[in-house]
Amino acid sequence: MSDVKTEQMQPHSTDGKMNMQGPIAVVGVIALGASMVFLAGQGLSSYVITLLALLFINAALAVSLTLTNGLTGLFSLGHPAFMTIGAYVAAILTFSARRKGSMLPALPEWLATTELSMLPALLIAGIAGGLVALAVGGAVLRLKGHYLAVATLGLIIVVQGLATNWDGITRGGSGISGLPRHVDIWWAFAFLVVVVFVTWRIKFSSLGRAMMAVRENELAAECSGINASRLKILAFVIGAIMAAMAGALLSHLISVVTPKTYSVLLAFNIVVMVVIGGSGSIFGAIVAATAITILSESLRPVEESIGLYGMSQVIVALCLIIVLYLKPSGLFGSNEPRSLRKLFGQRV
């Protein structure tokens, strides 16, 4: 009997260690990343630091699209639309109240006299993106595959058209320039940490398993009691909130937002990051976003010197074709590296 009791107790003690191991590992990884960011801020040029901040935001975008597309099997291209919404909302809220009256004459008086700091503006931008996603999600998420892709692509065009023609609110095609540069590498790093943490927790939970069940076989998932429509809308809204916040951060990193800042080309790049990394892999999205961002920024001076604009996009497209030919599921498929899952206390 004592042997049986001992065997029964062992799994519980192991689970306890695993439960403690996860939070400790998370804190350790965040501390290590923060240390590296601090060292980068001390020894690198402002250009490289800005590039690192851009890299963090791109990685967060790729992870957020992994949540929307990778876990539920959607094919949404609408991230740039939500980024534009978030960027304009945050820009209007943080813009100097002394200049709003002349530059944005159609603003309501209460909004024209409001000037917020970055954090509340960022949260409101995320809420705005989520509300728009909730409003359009019920209609567009009834579509599947390339029909959904075209519908969300149309959403980008609609948002860009509104931003271009709503002169009194957005300054039209000129955009809003001279935004306060509230965002630095620490904002971008913190945002990436939050997005990865939320997506990881969702993926390795019953909610994430239900999303992946919908992705694999929606009919079978519904037969087992899963509300597929509700899960797809939830993933779509959460991804939109993250995208809107990313757009707000990016606009305050480069100090300008225009209707064409977040375009269809950006949608292509984000989707490529997810596909190359592996649809459903958080680590894969980060790796692919890092590689593509570095490649694109490294080739920019070359494109300008020899006049071959768009060369980086051609190379990225070729990389996509090669990866899909050699490994159709992407570099990591839907999985995370075994070492990472073990480190964070997940089943391996």
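Just so we're clear, the structure is a prediction, and the values are computed from it rather than from any experiment.

**Student:** Sorry if this is basic, but what is going on with the pattern of salt bridges here?
**Tutor:** Pairs can form between side chains of opposite charge once their charged atoms are near each other. Considering all chains together, one arrives at 5 salt bridges under this definition. With its nearest N and O atoms 3.6 Å apart, the salt bridge here joins E218 to K144. One end of the pair, E218, is in helix α11 (residues 218-223); the other, K144, is in the loop between α6 (118-140) and α7 (145-165), with 74 residues separating them in the sequence. With relative accessibility at 52%, the residue K144 sits in the exposed group.

**Student:** Sorry, what's going on with the environment of V159 here?
**Tutor:** Along the polypeptide, V159 turns up in helix α7. Residues V159 and A81, spaced 78 residues apart in sequence, show a C-alpha to C-alpha distance of 5.9 Å. Excluding residues within four positions of it along the chain, V159 makes contact with A81, T84 and I85.

**Student:** Honestly, α6 in this entry has me stumped. Any pointers?
**Tutor:** Because the α-helix completes a turn every 3.6 residues, residues three or four places apart line up on one side. Taking 1.5 Å per residue, 23 residues should reach 33 Å; α6 reaches 32 Å between its end C-alpha atoms and fits that length. Residue L134 marks the point of greatest curvature in α6, where the axis turns by about 25 degrees. In this fold, the buried residues of α6 make contact with α3 (79-94), α7, α9 (185-203) and α12 (228-254).

**Student:** Please clarify how the environment of L61 should be interpreted in this entry.
**Tutor:** With respect to the secondary-structure elements, L61 resides in helix α2 (residues 46-70). Remark: the alpha-carbon pair of L61 and N217, spanning 156 residues in sequence, is separated by 26 Å. For L61, the contacting residues outside a window of four places in its chain are H79, M83, A243, A246 and I270.

**Student:** Sorry, what's going on with the confidence of the model for the chain here?
**Tutor:** Note that predicted coordinates carrying low pLDDT should not be read in detail. Taken over all residues, the pLDDT of the chain has a mean of 87, while the share at 70 or more is 93%. Across residues 1-18, where pLDDT falls below 50, the model places 2 contacts with residues more than four positions away in sequence or in other chains.

Thresholds, definitions, all that
Residues numbered from 1 in each chain as written. Predicted model: local features only at pLDDT ≥ 70, side-chain atom pairs only at ≥ 80, totals over all residues. Heavy atoms only, no water. Salt bridge = Lys/Arg side-chain N within 4 Å of Asp/Glu carboxyl O. Helix = DSSP H or I, 4+ residues; strand = E, 2+ residues; numbered from the N terminus. Buried < 20%, exposed > 50% of the residue type's maximum accessible area, 1.4 Å probe, protein only. Contact = heavy atoms within 4.5 Å. Expected span 1.5 Å × (residues − 1). Bend = angle between axes of the 7 residues up to and from the residue. pLDDT = per-residue confidence, 0-100.

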